[in-house]
Amino acid sequence: MEPNHPNKVLSSPPALEAKDNLSMMHSKFICCKLYISESRNTMAIDAIDSAARSDPQVAVLSKFEDCLYNRVRYTLVSYIVNDSSTDELIYSPIRKVLMAMMESAFSTINLELHSGAHPRMGVNDDLSFHPLGQATMEDAVRLAKLVASDIGNDLQVPVFLYAAAHPTGKSVGAIRRELGYYRPNYMGSQWSGSMLPDVLPISPDEGPSNVSSERGATTVGATPFLENYNVPILSKDVAAVRRITRSVSGRGGGLPSVQALALFHGDCTEIACLLDPDHVSAYQVQTVVEQIAADQGLEVEKGYFTDITKDRMLDKYLKIASTAD
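Residues numbered from 1 in each chain as written. Predicted model: local features only at pLDDT ≥ 70, side-chain atom pairs only at ≥ 80, totals over all residues. Heavy atoms only, no water.

## Observations regarding the packing of aromatic side chains
Taken as a whole and judged by the stated rule, the model has three aromatic pairs. Geometrically, the ring pair formed by Y181 and Y182 is edge-to-face, given 5.2 Å between the ring centres and 85 degrees between the ring planes. The exposure class of Y181 is buried, given its relative accessible area of 1%. With a relative accessible area of 28%, Y182 lands in the partly exposed category. One residue, R215, lies across the ring of F106, its end atom 4.4 Å from the ring centre. (Phe/Tyr/Trp six-rings, centres within 6.5 Å; stacked < 30°, edge-to-face > 60°. Buried < 20%, exposed > 50% of the residue type's maximum accessible area, 1.4 Å probe, protein only. Lys NZ or Arg CZ within 6 Å of the ring centre and 35° of its normal.)

Have a look at this one:
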C-alpha cells in the first residue's frame, strides 16, 4: 500500500474534472421543453431521438411519452454564450438541435392522421424556454425569439409567442383559447386531425398566416421553470373532473400560478398541472384536489411528476455533458 504523504495533492476523477471545467467555462444555461404530437409511431420517435443526440453539448435530461395522449415531451439543456461587450445572447448549441428535431418530426408525422386525448394544434406543438444557472429571463426570451424566427421563416409554420417572449406577456392559455385549442373534436374528449382553420383568426408573431393541415402551428414562450404534475381521478366523468380543475387552477381562483387541464386517460381522468415550484408545491396541489374530490365522492390516486425537478436539472446536465466530452 502506498504510504500517505501530507503534501501530496490527490487528483480528481476525470469526469469530475470535466464537470468542473464545464461549469467554469459557462455560467449560463438554458432549458427547453419541446412537446411533439406523437408517441405511437416508433419510426418518428426514433428519428427525433437521433436528432436530439446530434450534439453532445446538448443533453436530453428526460423524455416523457404517453400513448393515450399520443404526445412526447423532451427536456433539453445546454449552455448559452453572451457577447462580452453587450451581454446579449449570441449562441447556444440547443438552437440547431431543436431545429433538427422539429425537421425530423415534420418529415415523419402528419397531423391530419394524428389523434389522442391531449389537445394540440401542431406537430411541434409547444416549446418553452427556462433560464438556468446565471442565465436571465432576457436570455431565455432572446433564444425563444430566435427559435421562433427559425420555425416561422425556415419551416414556414405559424408561431405564436407567449409569456415573457410576447410583447405584452400574453399567456399561452389565452392564445390557445382564441384558437380553439381546448375544444375536443372527436368522441367528446379526444382530438383528431387538423383543428385550425386554413386562415388563422389571429395573426402569428412569426411565419405565415395560413396553416398547413399536415404541420399545424406552434407556440413558443419563455417562463420561469415550471414543474409538470399529473393527478389521476378514478372517474371517466370528464365534466365532473373539469369542475375540480377549475377550482384548483389559478385562473379559476384556486392555487396561484397553477395551470390545470382535465384530460380523459383510459380508466381515469387526469388533472394535468403546470406549477411554479417557487410559489406552489405538488403537495399543495394534491391536497386541494383530494379535498374537492372527496366532496364529490370521487377517489384520487397519488399524483406523479413527469419531469425532473429544477434543483436536479443543472447538476444532471453537467454530469452528462462532461461524460460526453
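Right, picking up where we left off after that structure.
## Structural notes on the sheet that holds strand β1 (residues 28–36)
Taken in spatial order, the six strands line up as β2-β3-β1-β7-β10-β8 in an open sheet, and their pairing is mixed. The outermost strands of the open sheet, each flanked by one partner alone, are β2 (59–66) and β8 (159–163). In this sheet, adjacent strand axes meet at a mean angle of 15 degrees when their direction is disregarded. Taken together, the seven bridges between β2 and strand β3 (residues 71–79) define a ladder with antiparallel strand orientation. Its bridge partner lying in β3, S62 is registered against T75. Each of β1, β2, β3 and β7 (124–133) touches helix α8 (residues 310–324); the most contacted strand, β2, lies at about 120 degrees to it. (Pairing = 2+ DSSP bridges. Helix = DSSP H or I, 4+ residues; strand = E, 2+ residues; numbered from the N terminus. Axes fitted to C-alpha atoms, helices over the stretch in contact; angles between N-to-C directions. Contact = heavy atoms within 4.5 Å.)

## Considering the pairing of strand β10 (residues 218–222)
Counting buried residues in β10 gives five out of five residues, a clear majority hidden from the surface. Across the two faces of β10 the burial is the same, with T218, V220 and A222 and T219 and G221 all buried. Direction of pairing for β7 relative to β10: parallel, over a ladder of four bridges. Residue pairing in the sheet places L127 in a bridge with V220 of β10. Across five bridges, the pairing between β8 and β10 is parallel. Bridging across to β10, V159 finds its partner in T218.

## Notes on helix α2 (residues 42–52)
What α2 keeps buried is the set A44, I45, I48, D49, A51 and A52. Down the axis, α2 shows its buried residues gathered within 160 degrees of arc, on one side only. For α2, exposure combined with an orientation more than 90 degrees from the buried face picks out T42 and M43. Residues of α2 that are buried make contact with β1, β2, β3 and α3 (94–108). One side-chain oxygen of the residue at the start of α2 lies 3.1 Å from the amide nitrogen of M43, identifying that residue as N41. (Arc of directions from axis to C-beta. Polar contact = N/O pair within 3.5 Å; in protein donor to acceptor, adjacent residues only side chain to side chain.)

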